[in-house]
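Structural features, examined
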Amino acid sequence: MVDNNSKKWSIGLEFVQFQKNCSHHRVIGRSPYKALFGCDPKLDLTTPKLPSEMLQKISTEEDLLMYSKDSDDPHSTIKIIASRCSLCGNEITVEINSASFIVCNLCKNNENISGSRQQGLKGLQKAVEKMLKISNLKVTQFKVEDCVVVPVPKMDRGSSYSVNIIAIVTEQKNELNRLGTKHELIKGWFNSSILQPATSNFINITEVNKAKDLSLRGIVALTTRGQVFHSCNCRGNCETKKCACFKSNLKCNSQPLP
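What comes next concerns the included structure. (Residues numbered from 1 in each chain as written. Predicted model: local features only at pLDDT ≥ 70, side-chain atom pairs only at ≥ 80, totals over all residues. Heavy atoms only, no water.)

1. Description of the overall build of the protein chain
- Looking only at helices and strands, the protein chain features seven helices and eleven strands.
- Counting across all 258 residues of the protein chain, residues that qualify as buried make up 23%.
- Look at the contacts in the protein chain between residues 6 or more apart in sequence, and 40% of them connect residues 24 or more apart.
- Looking at the protein chain as shown, the accessible area adds up to about 19700 Å², and 52% of this sits on carbon and sulfur atoms. (Helix = DSSP H or I, 4+ residues; strand = E, 2+ residues; numbered from the N terminus. Buried < 20%, exposed > 50% of the residue type's maximum accessible area, 1.4 Å probe, protein only. Contact = heavy atoms within 4.5 Å. Areas by Shrake-Rupley, 256 points an atom, 1.4 Å probe, with all protein chains shown as cover.)

2. Observations concerning the side chain of Arg-178
- The residue Arg-178 is located in strand E5 (residues 176–180) in this model.
- Residue classification places Arg-178 among the buried residues on the basis of a relative accessible area of 14%.
- In this view, Arg-178 contacts Ile-168, Val-169, Thr-170, Glu-171, Leu-185, Ile-186, Lys-187, Gly-188, Trp-189 and Asp-213; residues no more than four positions away in its chain are not counted.

3. Quick word on the packing of aromatic side chains
- Evaluation of the coordinates by the stated rule reveals two aromatic pairs.
- A ring pair is formed by Phe-18 and Tyr-33, whose centres lie 6.4 Å apart and whose planes are at 75°; its orientation type is edge-to-face. Here Phe-18, found in helix H1 (residues 9–21), pairs with Tyr-33, found in helix H2 (residues 32–37); they are 15 residues apart in sequence, far enough to count as distant.
- Seen in terms of ring centroids, Tyr-33 and Phe-37 are 4.8 Å apart; in terms of plane orientation they differ by 50°. Their pairing is tilted. Of the two residues, Tyr-33 and Phe-37 are both situated in helix H2; the distance of four residues between them amounts to about one turn of the helix. (Phe/Tyr/Trp six-rings, centres within 6.5 Å; stacked < 30°, edge-to-face > 60°.)

4. What to know about the nonpolar core
- Counting residues in each nonpolar core, the largest one holds 16 residues, and the members touching the most others are Val-148, Val-150, Ile-165, Leu-179, Ile-186 and Leu-195.
- If you list the elements that add at least two residues to this core, you get strand E3 (147–151), strand E4 (164–173) and helix H6 (216–223).
- Sorting elements by how many residues they give to this core places H6 first, with four residues. (Core = buried A, V, L, I, M, F, W, Y, C linked by side-chain atoms within 4.5 Å.)

5. Here's the deal with H6
- Of the residues making up H6, those classed as buried are Leu-216, Gly-218, Ile-219, Val-220 and Ala-221.
- Buried residues along H6 sit against E3, E4, strand E6 (185–186) and strand E9 (213–214).

6. Some words on unusual backbone geometry
- Backbone geometry at Glu-145 places phi at a positive 80°, although glycine is not the residue there.
- Look at Glu-145 and you get partly exposed, because its relative accessible area is 47%.
- Phi at Glu-175 is positive, roughly 65°, even though this residue is not glycine.
- Here Glu-175 is to be found in the loop between E4 and E5.
- On the accessibility criterion, Glu-175 (73% relative accessible area) is exposed.

Structural data, given as structure tokens:
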């Protein structure tokens, strides 16, 4: 729309939809267009009448007309006879040396469409089975004082930090868990689906400092004795006590604002 200096987005949607329908779909193993019509879309000069080597030689309308006339040459040496389709019984014209089992183009297209739809259906069924298998996995239900393993996202840990930390369930509400460590409580509530049961009771609930809470990033840094990172809104270098990072003698993970 920008290239054509047009505001008619409804017209542009047709091209977007066509491109999406012609793109390969991972689940059905083919494009939605091919699953519906049994063949890839035919664009430009791509037709079943002209072979690909002939299409490569066409550069003007005159070339197209010339090759079209050659393909319809009445003096062609190929002998054509009338016959009937072996499937539908309709009368068709075929070459004299054709096989005994003759199928018209309409029946061929129907076979291709049926085959593509069957393959697409098998792909969808496999996807459904995979989704059901994942959804049927039982989530471990924890209770207060259970020790759990908490995965740490990459954005919340350094390269030398632990990928998991051990925590204990201190409180539960609406099927969510409040977690604590030997240092402090972890900010936020955690769904049981992302937690794994610990192999042993590494933490006692009496060891948790419930007076304060800290982000998961801060807990990871304290657990691995790393450097806690804070962010600030300083417009220059963090060199005054107005900066929370400088005041806490901690590094800052944000870039100075211009």
